[in-house]
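# Analysis of the macromolecular model
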Amino acid sequence: GESVGLHLPTLSVQEGDNSIINCAYSNSASDYFIWYKQESGKGPQFIIDIRSNMDKRQGQRVTVLLNKTVKHLSLQIAATQPGDSAVYFCAENAGNMLTFGGGTRLMVKP
Amino acid sequence: DAGVTQSPTHLIKTRGQQVTLRCSPKSGHDTVSWYQQALGQGPQFIFQYYEEEERQRGNFPDRFSGHQFPNYSSELNVNALLLGDSALYLCASSLGGGRSSGNTIYFGEGSWLTVV
């Protein structure tokens, strides 16, 4: 069936560097995507979203890029901080129902 | 403004027992969805409640059932618990039922269920 997946299960970056987390999706009809951050023992926290009529959207220290041609999403985190350490999920929203990938664990080294 | 609240936070049950988990959506939201998240996995959609009815359902057996109350709060019930039901159960709050894909969906902190 259709799914949303991630390329890298673990990403380790130096504090202060930029982080890039990637995600591929397979449903070409998908039109709304969300990135969530999940810290250990907590529920997913909304980070940023993007609709299919956009290629890029920026938030505070985060940027999401959408490439519809190759069905690829990325989350860029600028100046990564220890507090950014968590598992990051991309998800497709269809009818308020989310389809998640398996997640990427971001580890920030001091 | 209260966010999504869930109870209990942790519980332990024995195989074959039944469990009820509770959720209050974010203020102003009318749609509640439930997700199951096994350790090391992404959340999996169980079902969605809107206007006190189940509107969408994922690939979960009938042992999983739910309810939505007039105040939009919701319960998730799981009967005949199996060891494999051990997971984090997440409640998600949104607006507009299944008619809209454009609303931000917020999650609670979850209920950790351990089946022994």
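Note that the coordinates shown come from a computational prediction; the quantities given were computed from them, not determined experimentally. (Residues numbered from 1 in each chain as written. Chains lettered and ligands numbered in written order. Predicted model: local features only at pLDDT ≥ 70, side-chain atom pairs only at ≥ 80, totals over all residues. Heavy atoms only, no water.)

### What about the overall build of chain B?
Which entries qualify depends on this criterion: Secondary structure elements are defined from DSSP: runs of H or I of at least 4 residues count as helices, runs of E of at least 2 residues count as strands, and each element is numbered from the N terminus. The globule rule used here is 2.2 Å times the number of residues to the 0.38 power, and the radius of gyration it is set against is calculated over C-alpha atoms. Partly exposed describes any residue whose relative accessible area lies between the buried limit of under 20% and the exposed limit of over 50%, with all areas from a 1.4 Å probe on protein chains only and scaled to the type maximum. The contact rule is simple, with two residues in contact once any of their heavy atoms fall within 4.5 Å. In short, Shrake-Rupley with a 1.4 Å probe defines the accessible areas, and a residue's cover is counted only from the protein chains shown. Charged residues are defined here as Lys and Arg on the positive side and Asp and Glu on the negative side; His and the ends of the chain fall outside this count. Just so you know, the charge point we use is NZ for Lys, CZ for Arg, CG for Asp and CD for Glu.
Counting secondary structure elements, chain B contains zero helices and 11 strands. Its C-alpha radius of gyration of 13 Å places chain B within 12% of the 13 Å reference for a compact globule of 116 residues. Each principal axis of the C-alpha atoms in chain B carries an extent, and together these give about 40 × 30 × 25 Å. When each of the 116 residues of chain B is scored for burial, the buried share is 48%. Counting contacts in chain B only where the partners sit at least 6 residues apart, residues at least 24 apart contribute 55% of the total. For chain B, the accessible area works out to roughly 5500 Å², and carbon and sulfur atoms hold 48% of it. Charge separation in chain B, taken as the distance between the mean sites of 8 positive and 10 negative side-chain charges, equals 6 Å.

### Section: the packing of aromatic side chains
Operational definition: Only Phe, Tyr and Trp rings take part, Trp by its six-membered ring, and two of them pair if their centres are within 6.5 Å. Stacked means planes under 30 degrees apart, edge-to-face means over 60, and tilted covers everything else.
This structure, assessed with the given rule, holds 13 aromatic pairs over all chains. Their ring planes at 65° and their centres at 5.1 Å tell us that F60 of chain B and F64 of chain B sit as a pair that is edge-to-face. Both residues of the pair, F60 of chain B and F64 of chain B, belong to the buried class. Every member of this aromatic cluster is reached through a ring pair, and the members are Y36, F46, F89 and F100 of chain A together with Y35, F45, Y106 and F107 of chain B.

### Details of the state of the cysteines
What makes a disulfide is a covalent bond joining the sulfur atoms belonging to two cysteines. Selection criterion: In what follows, a disulfide is any cysteine sulfur pair within 2.5 Å.
Under the counting rule described, the total for this entry stands at two disulfides over all chains. The disulfide partner of C23 of chain A is C90 of chain A, and the S-S distance across this bridge is 1.8 Å. Of note, the bridge from C23 of chain A to C90 of chain A carries an S-S torsion of about 50° and is right-handed in sense. Separated by 67 residues along the polypeptide, C23 of chain A in strand β3 (residues 19-25) and C90 of chain A in strand β9 (residues 86-94) bring together distant segments of the chain. A relative accessible area of 0% means that C90 of chain A is categorised as buried. Note on cysteine connectivity: C23 of chain B is disulfide-linked to C91 of chain B, with sulfurs 1.8 Å apart. Taking the sign of the S-S torsion, about -60° here, the bridge from C23 of chain B to C91 of chain B comes out left-handed. Of the two residues, C23 of chain B sits in strand β3 (residues 19-24) while C91 of chain B sits in strand β9 (residues 87-94), which places them 68 residues apart along the sequence.

### Details of the interface of chain B and chain A
What counts is decided by this rule: Put simply, buried area is the surface a 1.4 Å probe can reach on two separate parts but cannot reach once they are joined, added for both. Within this document, salt bridges are pairs made up of a side-chain nitrogen of Lys or Arg and a carboxyl oxygen of Asp or Glu, the two lying within 4 Å of each other. Here a polar contact is taken to be a pair of N or O atoms separated by no more than 3.5 Å, where protein atoms must pair a possible hydrogen donor with a possible acceptor and residues adjacent in sequence count only if both atoms sit in side chains. Charged means Asp, Glu, Lys or Arg here, nonpolar means Ala, Val, Leu, Ile, Met, Phe, Trp, Tyr, Cys or Pro, and polar covers whatever is left, Gly included.
With 27 residues of chain B at the contact, the number on the chain A side is 21 residues. Of the roughly 1700 Å² buried between chain B and chain A on both sides combined, carbon and sulfur atoms contribute 49%. There are zero salt bridges connecting chain B and chain A. The interface formed by chain B and chain A includes eight residue pairs in polar contact (both at pLDDT 80 or more). Taken together, the elements giving at least two residues each to the side of chain B that touches chain A come down to β4 (31-37), β5 (44-50) and β9 of chain B. When grouped by side-chain class, the residues that make up the side of chain B that touches chain A number nine nonpolar, 17 polar and one charged.

### Examining the confidence of the model for chain A
Residue and element names in this part refer to chain A. Applicable threshold: Per-residue confidence from the prediction method is given by pLDDT, with values spanning 0 to 100.
Averaged over all residues, the pLDDT of chain A is 89; the fraction at 70 or higher stands at 93%. Put simply, strand β1 (residues 4-6) is where chain A has its lowest mean pLDDT, 46, and strand β6 (residues 56-58) is where it has its highest, 97. Here residues 1-8 scores under 50 on pLDDT; set against residues more than four positions off or in separate chains, the count is 31 contacts.

### Details of the pairing of strand β4 (residues 32-38) of chain A
All names here are of chain A. Heads up, the condition is: Following DSSP output, two strands are said to pair if at least two bridges run between them.
Across the seven residues of β4, seven count as buried, placing the element largely inside the fold. Neither face of β4 is open: one carries Y32, I34, Y36 and Q38, the other F33, W35 and K37, and all of them are buried. Looking at chain direction, β4 and strand β5 (residues 45-51) are connected through six bridges and run antiparallel. What sits directly across from K37, in β5, is Q45. The turn joining β4 and β5, which pair antiparallel and follow one another in sequence, is formed by six residues; a positive phi near 80° is taken by G41. Of the strand pairs in this sheet, β4 and β9 are connected by six bridges, and their pairing is antiparallel. Considered in β9, the bridge of Q38 is made with V87.

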